[in-house]
Amino acid sequence: GTARVVFMIDNEKVLKLAKNKKGLAQNEVEVTYSEDNYIDDVIAKIYDKEENNLWLEMELATKLTPSKFKSITGFNWKDYQKAIHNYGITASGKVYRLEPLDEKIMEQMWDDKFVYSMFNFIGSYEVPTGDLVRTSSYGVVKRDGQDTVVLIDYGLTNDVYDSYYS
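Remember, predicted model here, so these are calculated numbers, not experimental data.

(A) Local environment of the overall build of the protein. Looking only at helices and strands, one finds 6 helices and 7 strands in the protein. Listing the helices and strands of the protein from first to last along the sequence gives β-β-α-β-β-β-α-α-α-α-β-β-α. Computed over C-alpha atoms, the radius of gyration of the protein comes to 16 Å, within 12% of the 15 Å expected from 2.2 N^0.38 for 166 residues, which places it in the range of a compact globule. Along the longest, intermediate and shortest principal axes, the C-alpha atoms of the protein span 45 × 40 × 25 Å. Contacts in the protein between residues at least 24 apart in sequence constitute 59% of all its contacts with a sequence separation of at least 6. Surface summary for the protein: the accessible area is close to 9500 Å², and the carbon and sulfur share equals 48%.

Set out below in structure tokens:
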């Protein structure tokens, strides 16, 4: 990305190295969020960090594809994108066009632990949803022996965006 470079350390961890102030800010956010047990289930774990946020060691995740997403969650990736987009708009109070999404699917998503946790993450942390509708922001890790979808790139907040990207 424009702010950080990622290196594989071993079969369990990657190193995220900040390239600039944007990267430092994103590393700081990820370190802070990783300390919140409330969102443990939906974010990649952080194992170690440099005190000034120059780098962090994060849980290694494999690439998420739409088909892998469906096999793990049971939801179509495009439906999930619409749900995240719509929830982000609703949570922000901004007036944008909502994506059409079947009400039954949306009800099922509200009942799903992962999707519900993502909605809570968006609403509680005021996270912009632009990156959250890209498969590249997610990865697959093993949790309790099961493939689990987690966010691997969650350092972009509205604050970071306003400070470094707008």
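The structure having been displayed, the exposition proceeds.
(B) Inspection of the packing of helix α3 (residues 77-92) against helix α4 (residues 103-111) at higher detail. The contact between α3 and α4 brings their axes to 11 Å, and the two run at 80°. When the interaxial angle is binned, α3 and α4 end up roughly perpendicular. Counted together, Asp79, Tyr80, Ala83 and Tyr87 of α3 and Ile105, Met106, Met109 and Trp110 of α4 form the full contact between these two elements. The residue inventory of the contact of α3 with α4, partitioned by class, reads 7 nonpolar, no polar and 1 charged.

(C) Broad picture of α3. Helix length check: α3, at 16 residues, gives a terminal C-alpha distance of 22 Å against a target of 22 Å (1.5 Å per residue), a fit within 8%. Along α3, the residues classified as buried are Trp77, Asp79, Tyr80, Ala83, Ile84, Asn86, Tyr87, Gly88 and Ile89. Packing partners of the buried residues in α3 comprise α2 (66-73), α4, α5 (113-125) and β6 (138-143). The residue sitting at the N-terminus of α3 and contributing the capping side-chain oxygen is Asn76; that oxygen lies 2.7 Å from the backbone nitrogen of Lys78.

(D) Region of the structure containing the sheet that holds strand β7 (residues 146-151). One open sheet holds the 3 strands; their spatial order is β5-β6-β7, and the pairing between them is antiparallel. The open sheet terminates on both sides in strands that have one partner only, identified here as β5 (62-63) and β7. As judged from the 6 bridges shared by β6 and β7, these two strands associate in the antiparallel manner. Each residue of the ladder has a partner; that of Lys142, found in β7, is Asp147. On the sheet, α2 packs against β5, β6 and β7 and is oriented at approximately 120° with respect to β7.

(E) Spatial organisation of the nonpolar core. Residues Tyr80, Phe114, Met118, Phe121 and Tyr138 are the most contacted members of the largest nonpolar core, which totals 41 residues. Broken down by secondary-structure element, the contributors of at least two residues to this core are α1 (21-34), β4 (55-59), α3, α4, α5, β6 and β7. Dropping the residues within four chain positions of it, Phe114 is found in contact with Val42, Phe69, Thr73, Tyr80, Tyr138 and Val149.

(F) Here's a closer look at the environment of Val115. Checked against the element boundaries, Val115 lands in helix α5. Each C-alpha atom, one on Val115 and one on Thr73, is 8.8 Å from the other, the two residues being 42 residues apart in sequence. Every residue in contact with Val115, bar those within four places of it in the chain, is listed here: Phe75, Tyr80 and Met109.

(G) Region of the structure containing the packing of aromatic side chains. One pass over the full model with this rule turns up 14 aromatic pairs. Measuring from centroid to centroid gives 5.3 Å for Trp77 and Tyr80, while their planes differ by 40°, and the two rings are tilted. With Trp77 and Tyr80 both in helix α3, this residue pair falls 3 residues apart, about one helical turn. When sorted by exposure, Trp77 lands in the same class as Tyr80, which is buried. In this structure an aromatic cluster arises from ring pairing among Phe69, Trp77, Tyr80, Phe114 and Tyr138.

Here is what the cut-offs are and how they apply
- The numbers attached to residues start from 1 for each chain and follow its sequence in the written order.
- pLDDT decides what is reported in this predicted model: residues at 70 or higher carry local features, side-chain atom pairs at 80 or more are listed and counted, and totals for whole chains, interfaces and linings draw on all residues regardless.
- The side-chain numbers reported here are obtained from all heavy atoms of the structure, hydrogens and water having been left aside.
- Helix and strand labels come from DSSP, where a helix needs a run of H or I of at least four residues and a strand needs a run of E of at least two; each type is numbered from the N terminus.
- Radius of gyration means the value over C-alpha atoms here, while the globule rule gives 2.2 Å times the residue count to the 0.38 power.
- Should any heavy atoms of two residues lie within 4.5 Å, those residues are counted as being in contact.
- Reported accessibility uses the Shrake-Rupley method at a 1.4 Å probe radius. Residues are deemed covered only where the shown protein chains occlude them.
- Convention adopted: a line fitted to C-alpha atoms gives each axis, helices being fitted over their contacting stretch, and angles between N-to-C directions are expressed from 0 to 180 degrees.
- Angles below 35 degrees are treated as roughly parallel, those above 145 as roughly antiparallel, those between 65 and 115 as roughly perpendicular, and all remaining angles as oblique.
- In this classification, Asp, Glu, Lys and Arg are treated as charged, Ala, Val, Leu, Ile, Met, Phe, Trp, Tyr, Cys and Pro as nonpolar, and every other residue, Gly included, as polar.
- Multiplying 1.5 Å by the residue count of a helix minus one yields the expected span of that helix.
- To sort residues, take the accessible area from a 1.4 Å probe on protein chains only and compare it with the maximum for the residue type: under 20% means buried, over 50% means exposed, and anything in between is partly exposed.
- Between N or O atoms, a polar contact is any pair within 3.5 Å; within protein, one atom must be a potential hydrogen donor and the other a potential acceptor, and residues adjacent in sequence are included only when both atoms are from side chains.
- A pair of strands is treated as paired once DSSP finds two or more bridges between them.
- Residues belong to a common nonpolar core when they are buried Ala, Val, Leu, Ile, Met, Phe, Trp, Tyr or Cys residues joined through side-chain atoms within 4.5 Å.
- Stacked, tilted and edge-to-face pairs are distinguished by plane angle, under 30 degrees for stacked and over 60 for edge-to-face with tilted covering the rest, among Phe, Tyr and Trp rings (Trp via its six-membered ring) whose centres lie within 6.5 Å.

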